[in-house]
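Descriptive analysis of the structure
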Amino acid sequence: MTAQAHTVPDTPIRGADALLRALVAQGVDTVFGYPGGAIMPVYDALVDAPIRHILVRHEQGAALAANGYARHSGKVGVCMATSGPGATNLVTGIADAWLDSVPMVAITGQVPTALMGTDAFQEVDILGITLPIVKHSFVIRDPARIEATVHEAFRIAREGRPGPVLIDFPKDVATAQVPVTPFSPPPAPAAEPVDHNAVQRARSLIQDAQRPLFYTGYGVGLADAQPQLRALAKSTGIPVVSTLKGLGGLPSEDEQFLGMLGMHGTRAANLAVQGCDLLICIGARFDDRATGKLAEFAPGARVIHLDVDPAEVSKLRYANVHLVGDLRQLLPLLDCRPQISEWVAQCAQWREQSQPRYDAPGEDIYAPALLRRLSEIAPPETVVACDVGQHQMWVAQHWLHRSINQHLTSGGLGTMGFGLPAAMGVKLGSPDTPVICVSGDGSILMNVQELATLRRYGIAVKTVLLDNSRLGMVRQWQELFFDERYSETDLSDNPDFTEVARAFGIAAASIERRDQVEDALAALLAADGPFLLHVRIDPQANVWPLVPPNTANQHMLDPADSDRSKETSDA
Amino acid sequence: MLELTLTLAPVEGALLRLLGLIERRGFPLGAIQSRPTPAGLDVRLTLAADDRPGDVLLRQVQRLHDVRQARMDFIQPQPVAHLRRAAAPVFTRVDAAGTRDSQTLTFPAGGQPA
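For the structure given in this document, a descriptive report is provided here. (Residues numbered from 1 in each chain as written. Chains lettered and ligands numbered in written order. Predicted model: local features only at pLDDT ≥ 70, side-chain atom pairs only at ≥ 80, totals over all residues. Heavy atoms only, no water.)

1. Concerning helix H15 (residues 367-377) of chain A
Think of an α-helix as turning once every 3.6 residues; residues three or four places apart then point the same way. Taken as a whole, H15 of chain A has its buried residues at Ala 367, Pro 368, Leu 370, Leu 371, Arg 372, Leu 374 and Ser 375 of chain A. The inward-facing, buried residues of H15 of chain A abut helix H16 (390-398), strand S17 (435-440), strand S18 (461-467), strand S19 (507-511), helix H22 (517-526) and strand S20 (531-536) of chain A. (Buried < 20%, exposed > 50% of the residue type's maximum accessible area, 1.4 Å probe, protein only. Helix = DSSP H or I, 4+ residues; strand = E, 2+ residues; numbered from the N terminus. Contact = heavy atoms within 4.5 Å.)

2. Overview of the sheet that holds strand S16 (residues 407-408) of chain A
All names here are of chain A. Strands sit in the order S16-S15-S17-S18-S20-S19 across an open sheet of 6 strands; the sheet is parallel. Strands at the two margins of the open sheet, each flanked by one partner only, are S16 and S19. Inspection of the sheet shows S19 paired to S20 by 5 bridges, in the parallel sense. Within S20, the position partnered with Ala 507 by the bridge is Phe 531. Here H15 sits on the sheet and contacts S17, S18, S19 and S20; the angle it forms with S18, its principal contact strand, is near 165 degrees. Each of strand S15 (383-386), S16, S17 and S18 is contacted by helix H17 (residues 419-429), which is oriented at about 175 degrees to S17, the strand it contacts most. (Pairing = 2+ DSSP bridges. Axes fitted to C-alpha atoms, helices over the stretch in contact; angles between N-to-C directions.)

3. A short note on the interface of chain B and chain A
On the chain A side, the residues contacting the 12 residues of chain B number 21 residues. Surface buried jointly by chain B and chain A totals about 1400 Å² across both partners, of which 52% is contributed by carbon and sulfur atoms. Three residues, Glu 12, Arg 17 and His 65 of chain B, lead the burial of chain B against chain A; their summed loss comes to 44% of the area buried on that side. Along the contact surface separating chain B from chain A lie 5 residue pairs in polar contact (both at pLDDT 80 or more). Mapped onto the side of chain B that touches chain A, the elements with two or more residues apiece are helix H1 (14-24) and helix H2 (54-62) of chain B. (Buried area = accessible area lost by both parts, 1.4 Å probe. Polar contact = N/O pair within 3.5 Å; in protein donor to acceptor, adjacent residues only side chain to side chain.)

4. Observations regarding the pattern of salt bridges
One pass over the full model with this rule turns up 31 salt bridges over all chains. With a closest N to O distance of 3.1 Å, Lys 315 of chain A and Glu 312 of chain A form a salt bridge. Notably, a salt bridge pairs Arg 328 of chain A with Asp 326 of chain A, separated by 3.2 Å at the nearest N-O pair. Given the relative accessible area of 40%, Arg 328 of chain A is considered partly exposed. Several salt bridges converge on common partners, so that one network encompasses Arg 161, Asp 309, Glu 312 and Lys 315 of chain A together with Arg 63 of chain B. (Salt bridge = Lys/Arg side-chain N within 4 Å of Asp/Glu carboxyl O.)

5. Let's talk about the nonpolar core
Residue and element names in this part refer to chain A. Judged by nonpolar contacts, the single largest core of 94 residues is most densely connected at Leu 279, Ile 304, Leu 306 and Leu 323. Filtering out sequence-adjacent residues up to four positions away, Leu 323 remains in contact with Asp 195, Ala 198, Val 199, Ala 202, Ile 304, His 305, Leu 306, Asp 307, Leu 330 and Leu 334. Counting 49 residues, the second largest nonpolar core, distinct from the first, contains Ile 94, Leu 408, Cys 437 and Ala 501. (Core = buried A, V, L, I, M, F, W, Y, C linked by side-chain atoms within 4.5 Å.)

6. Some words on H17 of chain A
Among the 11 residues in H17 of chain A, 10 count as buried, and that is most of the element. Inspection of H17 of chain A places Gly 419, Leu 420, Pro 421, Ala 422, Ala 423, Met 424, Gly 425, Val 426, Lys 427 and Leu 428 of chain A among the buried residues, and these make up the whole buried set.

7. Quick notes on the packing of aromatic side chains
Residues and elements named next belong to chain A. A full pass over the atoms with the stated rule returns 6 aromatic pairs over all chains. Relative to Phe 297, the ring of Phe 286 has its centre 6.0 Å away and its plane inclined at 90 degrees; by these criteria the two rings are edge-to-face. Of this pair, Phe 286 sits in the loop between strand S12 (278-282) and helix H12 (288-291) while Phe 297 sits in the loop between H12 and strand S13 (302-307), and the two are 11 residues apart along the sequence. You can call Phe 286 buried: its relative accessible area is 2%. The class for Phe 297 is buried, based on a relative accessible area of 1%. Centre to centre, the rings of Trp 343 and Trp 350 are 5.9 Å apart; their planes meet at 85 degrees, and the pair counts as edge-to-face. (Phe/Tyr/Trp six-rings, centres within 6.5 Å; stacked < 30°, edge-to-face > 60°.)

Purely geometric numbers; function is a separate question.
See below:
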């Protein structure tokens with residue numbers, strides 16, 4: 001984000017005005033929020049500020065919209081709420097940003113400093129509540145520190161590994177008169193010096209490897225290093241697997257790309273990881289959903305770990321070579337030519353055997369096929385934002401991912417309710433970009449109130465609601481791992497979602513047969529404004545493959561394997 | 001045992017943030033000493049070492065914005081008969097230069113300062 005020059009008034013101004021001056025100086029043009037008592041001075045100042053405020057209908061929607069805005073634009077997302085319940089309602093969105101390394105500044109009103117610590121009306125210790133889920137946090141007690149604190153918060157949020165920063169802003173500080181100080185953008189941080197000895201060790205390992213593999217994550221997107229990753233993959237010929245959030249680093253259809261690894265990863269990706277002798281981890285963090293049983297993950301591999309955050313290296317898996325720094329700078333240094341033709345052929349064979357099929361029998365709508373088709377016919381620059389559950393995994397597996405920042409998903413926290421506000425944030429930040437939200441009948445109701453925000457601002461988010469009348473992923477686990485003892489996963493008393501959408505003023509349609517899909521997707525994409533397509537799907541559909549929890553990744557459950565074996569034997 | 005020696009910026013929440021991080025990352029806190037200095041707040045902590053690597057914890061601590069400097073040492077408890085409490089071990093810091101006595105760091109088995 002580029003800091004903007006601004007004039008310096010001669011006379012003192014209100015603290016709230018100073019806060020907004022600092023936001024403007026940071027280039028902020030959009031904030032997401034909801035007013036209330038303690039933050040009223042800031043909302044009063046907003047009336048005169050050159051900032052667009054998006055009034056959400058629940059503070060969680062503000063935090064998740066700022067989160068989505070930041071993920072796609074690369075700018076710092078800003079959300080604000082009042083003290084007490086306003087602040088606590090931001091917490092899930094802040095935690096989501098923390099676990100997914102999203103640059104965000106959350107501003108909370110606070111009771112006047114004289115009342116802090118007295119259990120005043122709408123007082124909570126939001127600094128204390130959020131300590132474990134922020135990159136840093138501030139309480140501004142000195143009005144003279146307002147602008148400097150805001151600038152520091154933005155620097156921290158975006159620098160190195162990004163993350164959320166909280167600013168707690170007491171009401172008396174917001175109304176105090178403060179002198180104005182000119183803002184001087186700080187110098188750009190010095191680049192991390194490259195450890196050339198480590199680079200040389202890494203190159204030697206790559207050159208000597210028989211079965212090297214790139215394991216890539218969202219760090220590639222955060223570093224804006226997708227071009228460098230693609231260039232390195234092409235020049236070395238090394239196959240690539242990706243985390244959930246790294247999808248798109250290489251296009252889904254690239255022959256070197258073996259798919260997502262881990263619990264719902266492809267057979268090709270998991271077999272490659274388990275069989276490789278050198279794992280080159282690029283901006284990923286050995287998350288348990290990716291590794292399965294950690295002690296048996298990539299058992300024969302040495303590890304090279306590249307990350308901007310030194311605290312991630314060797315955290316869960318010992319790395320033989322640590323390369324800490326900017327991926328854009330580091331990746332080109334690893335360009336070499338290992339002799340790996342046999343390994344590449346093996347991976348290609350696994351890839352061929354892992355291709356999903358979309359010819360499931362029956363008239364019911366097969367969600368993976370619908371998603372695949374939608375990604376084929378949507379404009380190539382379309383961004384898809386997911387909620388959490390089975391549909392999230394189907395998007396990961398079946399969407400044609402073209403670029404890492406075109407897929408927004410709550411990977412770390414797994415926040416049901418993420419999709420709709422995140423999609424809203426993307427669309428507001430990039431009005432010309434087509435944005436699709438894929439949700440489920442459980443997730444959509446977590447933040448359904450944001451349909452009102454879509455309506456209010458005419459935000460043209462297209463929502464595909466996959467409705468199996470269940471909490472599908474939990475139901476799947478109850479089926480597979482809890483002896484089919486279904487506990488509190490039946491949502492068959494869901495409302496009529498098209499009526500809900502229409503009540504909010506959103507156009508909607510509903511389909512339940514396969515022969516309706518093509519026309520419905522065309523209508524969805526052609527709609528001028530926001531649109532909700534309700535899709536009824538089989539309540540018993542499961543996500544495959546699946547690696548059972550605490551199991552090594554080569555032990556995948558997948559009924560398609562027995563089908564393929566049968567076809568082979570029949571032939 | 002691990003000994004973590006730090007200087008924190010003297011700002012609101014700095015010590016809480018540090019202690020919370022250490023416990024959440026799986027290192028039970030033993031003893032805590034702190035004192036304000038012109039450089040900030042000097043803090044010394046002893047932590048029970050478990051199977052998680054201390055160097056990773058150190059890097060996690062170092063990325064806190066309130067931490068100005070941090071160092072971690074491995075220390076070994078040695079029983080000393082003449083101390084006030086017979087059961088209380090003395091912790092002796094072991095560093096690259098050899099062994100140094102650290103008679104000021106005395107803790108009973110329960111972890112409270114002696």
